[in-house]
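Chain residues, written in single-letter form:
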Amino acid sequence: MRLREIFVEKLREHGIKKIGTRIKRILYSNDPVRAMAIAVANGSASVFEGGDDLEFSFSLDGKYLQEPPDAYIGKSGNFVFGKKELIGGADFPFLAVDCRFYDLHSEKEKKKIALQVTKTLGTVREFMWDEKLIVAGKDFGVGVYCERLEDFLLSKGIQEVVLLDPKGDKRFDQKRADCYVIGGIVDKAENRDLTALVGEGLERAGIKCDRRRIELRGDIIGVPDRINHIAEIVLKVVLDGFALEPAIRSVQPITVAKWRLRKELPKKSIRVRVGNKTIRVVSKSIFKEFDWLNLRLSDFYDVSREQKLYVVSEELMQKLRGLEWEEKRRSYVLNQSSEEFLGGL
C-alpha cells in the first residue's frame, strides 16, 4: 500500500469526499492528491475542515471538481489530522543510498550518481515521502542526509538491512525489511565489488546485511542498474506486491532489454548453409517468447540485424528444423540458389 492510499483512507474515515488545498504549488502536480499526502507526511501541511471560500477541489480519485471542498490542506484552521495521525501506524521501510565511495568515481560518473539520486527522490515520492529516502556520504539536497549510514540505522534501532548487491548470495524477493540499501555506485564491472565493501562497513558497525541480487531469469543482464530504477523495482515488489519479473519489466528501459536479447537470441537460431555461405536463421514467432522483456517488434528486428540473424517465417523455420541430418538440410537449401533463398527471408 502506498502513502496516497493511506491518505485517501484517512480522508474517508473523516467523511471527506472532496479535498482542496491552500498550497498553490500542489495544483501543478501530476497527481494533486498524492502531492497533498506527501505534504502532510512531510509535516509541511495538515488537513483542516471547510474551505467554502475555495472555488474548486479534487475527488479522492484525483478528478478536478468546480465545487468547494469538504476539507483542505494548509497551515491553519479547524484541525482534522496531520502528520502524526497519517503515518503513525504506517509500515513503510527506509530506502537508503550509500554514497561512501562517491569520491572514487570520475567527474562524469559523479554527475550520473547525482542525477540518479535526485531522481530517486521522485521515485520514493510515488510510494512514500521524503523522509523515507536516506542519502549517506554525500549531500545532494534530497531526502534525509547523514554522513554515515551506520549511525543513522543505529539511531533508529535498525540492526538488519537488505543490501541490494549484484553479487549477493540470495535472490531478491518480497522479504520485508526496515531498510533497503542501494550502493551509490555507477554499476560498471570494475565498481561492482564496491557494493560488497558497503556491506562490510555496515557489518563492522554491528548491522547484519542480507545481501540480495536482483536477477532476471537467472542473470543480472537485463536488470536496470540505475539507482532510481533499482529503487522503483524494490518498492513495487515490497509495497505494491509485484512479483520480481513483472516489476523489472515495468521499469526496464528498452536499451537494457536489448542487452539481454543480444544474449538470448543467438540461442534460438540455427545455422543454414546457402551455397558456399553459412547463415544463422531465427523465427519471427520467437519474439513472443520474449514477453518478459520490455521490447517492441522493431527492437527484435534491430538486434537480429546487429547479430546478422535472418528472420524467417515459422513455416520455413519448421522445415529447416525438421531436416534431421546436415546432408538433408544441405540438399534442401542447395536446391535453391543463394539469391532465391535469401530473397525469401
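Anything mentioned here points back to the structure above.
Right, let's walk through the structure included here. (Residues numbered from 1 in each chain as written. Predicted model: local features only at pLDDT ≥ 70, side-chain atom pairs only at ≥ 80, totals over all residues. Heavy atoms only, no water.)

## Describing the sheet that holds strand β6 (residues 79–81)
Taking strand neighbours across the sheet as the criterion, the 6 strands line up as β4-β3-β1-β5-β2-β6 in an open arrangement whose pairing is mixed. Here the strands that pair on one side only, and so sit at the sheet edges, are β4 (64–65) and β6. Here strand β3 (residues 57–59) pairs with β4 via 2 bridges, running antiparallel. By the bridge assignment for β4, Phe 58 is matched with Tyr 64. On the sheet, helix α1 (residues 3–13) packs against β1 (18–21), β2 (46–49), β5 (71–74) and β6 and is oriented at approximately 130° with respect to β6. (Pairing = 2+ DSSP bridges. Helix = DSSP H or I, 4+ residues; strand = E, 2+ residues; numbered from the N terminus. Contact = heavy atoms within 4.5 Å. Axes fitted to C-alpha atoms, helices over the stretch in contact; angles between N-to-C directions.)

## Some words on unusual backbone geometry
Located in the positive-phi region is Arg 217, a residue other than glycine, with phi close to 50°. Within the secondary structure, Arg 217 is located in the loop between β13 (208–213) and α7 (227–238). Despite not being glycine, Lys 308 shows a phi value in the positive range, around 55°. Here Lys 308 shows up in the loop between α10 (297–306) and β16 (309–312). In this structure Lys 308 comes out as exposed when scored by relative accessible area, which is 70%. (Buried < 20%, exposed > 50% of the residue type's maximum accessible area, 1.4 Å probe, protein only.)

## Description of the packing of aromatic side chains
We describe a pair of aromatic rings using the distance from one ring centre to the other and the angle between the two ring planes. Here the structure, examined in full by the defined rule, presents 13 aromatic pairs. Ring plane angle 85° and centroid distance 6.4 Å describe the contact between Phe 56 and Phe 58, whose orientation is recorded as edge-to-face. Overall, the relative accessible area of 7% leaves Phe 58 in the buried class. Taken together, the ring pairs connect Phe 48, Tyr 72 and Phe 79 into an aromatic cluster. Residue placement shows Lys 132 over the ring face of Phe 94; its charged tip is 4.1 Å from the ring centre. (Phe/Tyr/Trp six-rings, centres within 6.5 Å; stacked < 30°, edge-to-face > 60°. Lys NZ or Arg CZ within 6 Å of the ring centre and 35° of its normal.)

These figures capture arrangement, not role.
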